[in-house]
Amino acid sequence: MLLSSRKARDGFVLGCCAALMLLAAPTLRAQVTGLPDFTGLYEKQGPTVVSIDVRQKLRGHPMMGMSEDDPFYEFFRRFGMPPPQQRRGEPEGPTGTGSGFIISADGYIVTNAHVIDKADDVKVKLTDKSEYTAKVIGSDRRTDVALLKIDVDRPLPTVTIGDPEKLKVGEWVVAIGKPFGLENTMTAGIVSAKGRDLQENLAPFIQTDTAINPGNSGGPLFNLNGEVVGINSLIYSRSGGFMGLSFAIPIDVAMNVVNQIKTTGKVTRGRIGVVIQEVSKDVAEAFGLKSATGALVNSVEKDGPADKAGIKPGDIILRADGREVENSSKLPRIITVLRPGNKTELTLWRDGATRNITVIIAESEEDSGTVASRSSSREGTKSNALGLVLSDLTAAQKKQLEIKEGVLVEDIRGRIRGNLQPGDVITAVIQRGGMIEAKSASQLNGVLGKLDKKAPVTLQVLRNGNYFFVTIRAVEG
């Protein structure tokens, strides 16, 4: 039947919408009633999560260890030197807090390396309120994983290790930790993405929308089976609190580090001796690749594993150790977990065709030595007065570049004018008084910090084997 009036047509549309809503209602109700119940998971896994408090001793204070009966105690106090516990920013008691979880009944605990970094005293509290002084067995900055040990006279409840490879985007996950000092707090969310490449970390982060806040660091991320699939490590925030973007280290990456620390006291990583860059669409088209995947080899370390295997600049590594190299950041993550001395097969794209090459993995010099040492040659990710993020060159990098000194430009976060790029090596700063060699990131940051920010700065730079001078100037606004 034809409907001639507008009113009738509107009534027909409304009626159809109402009918559709009625048909959809049972489905919506079914989804609501199908939401997961986390109570059982919390009751079982809650006791496996611990709270961690760290303290740092006050250093360099004239009154440190001084008795109130000492005549100089009153002298310092009268002339404006407060006792150590009264100094602003250096309170007695905890100077940091975090979370962790028990991986063995005899008291081994996993947390983040940044939670216990530079700590002189680490206290662990269990859910039964018992407290222990923990020993730092070792830590690894590149994956942000640390292993602690407490001495106990009873078996402790332990977590079950899961498989993060089986995690799917959209799957429910749960975090338990100590946000803002609130012990054994549970939050839930979903997996938002996998394989996120963040900072210098070698871990392919699991991204979730689970509420993570300061104090959650080092705590476990569970799937609905009650298995640990990650270690909560980072959040993206402009306010310091949760904003819907949380990141966890996959547990398989963490346990590889933990097992190495337990058995050898250090973390050994593999290397093949290549410098790589991302494959853009333009690069892929120029090389005849159908898609922008793989890692483009920029340079090859002379007499290194890749050089001996026949890898050349201009090769694109598509697969390594049987795994796809979707982007350049994936290759280091594959290679670094391989045992030095072992052989692995790489699939290359060269001259419009694929070919397979076998490479013998070498040990990364950067990570040699004990991991219990918390010192680092890097200045970190903090930018200097000009907005440059600098880091020290490793011995292998200096050997490859054939230089004795130099500082790597990792990132440019400030607004500057001039031909300076991430990846450049600064070898000297030019001043009226002459040339100041760049010997370390901390030394160079100190030199640049003393200069007039509004004045241009001339640097000697090494790029692609060529030295040249660059003049840069900070841009205001």
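Residues numbered from 1 in each chain as written. Predicted model: local features only at pLDDT ≥ 70, side-chain atom pairs only at ≥ 80, totals over all residues. Heavy atoms only, no water.

## Considerations on the pattern of salt bridges
Item 1. Applying the stated criterion to the full structure yields 14 salt bridges.
Item 2. Salt-bridge contacts for Asp-315 lead to Arg-350; the nearest nitrogen and oxygen are separated by 2.7 Å. Highlighted residues: Asp-315 in the loop between helix H7 (305-309) and strand E18 (316-320) and Arg-350 in strand E20 (residues 343-350), separated in sequence by 35 residues. Accessibility classification places Asp-315 together with Arg-350 in one group, the buried group.
Item 3. Notably, a salt bridge pairs Glu-326 with Lys-330, separated by 2.9 Å at the nearest N-O pair.
Item 4. Residue Glu-326 is classed as partly exposed on the basis of its relative accessible area, which comes to 41%. (Salt bridge = Lys/Arg side-chain N within 4 Å of Asp/Glu carboxyl O. Helix = DSSP H or I, 4+ residues; strand = E, 2+ residues; numbered from the N terminus. Buried < 20%, exposed > 50% of the residue type's maximum accessible area, 1.4 Å probe, protein only.)

## A closer look at the confidence of the model for the protein
Item 1. On average, residues of the protein score 80 in pLDDT, and 79% of them are at 70 or above.
Item 2. Residue range residues 86-91 is modelled with pLDDT below 50. Its contacts to residues more than four positions away, or to other chains, number 5 contacts.
Item 3. Taken together, the stretch residues 367-380 has pLDDT below 50 and engages in 35 contacts with residues farther than four places along the chain or on a different chain. (pLDDT = per-residue confidence, 0-100. Contact = heavy atoms within 4.5 Å.)

## Concerning helix H5 (residues 251-264)
Item 1. Compared with the 20 Å implied by 1.5 Å per residue over 14 residues, the 20 Å span of H5 between its first and last C-alpha is a close match.
Item 2. Ile-251, Val-253, Ala-254, Met-255, Val-257, Val-258, Gln-260 and Ile-261 are the residues of H5 that are buried.
Item 3. Immediately downstream of H5, the backbone of Gly-265 shows phi near 80°, a positive value. (Expected span 1.5 Å × (residues − 1).)

## Points about helix H10 (residues 441-449)
Item 1. Within the sequence span of H10, burial applies to Ala-441, Leu-444, Asn-445, Val-447 and Leu-448. Projected down its long axis, H10 carries its buried residues within an arc of 160°, all on one side. (Arc of directions from axis to C-beta.)

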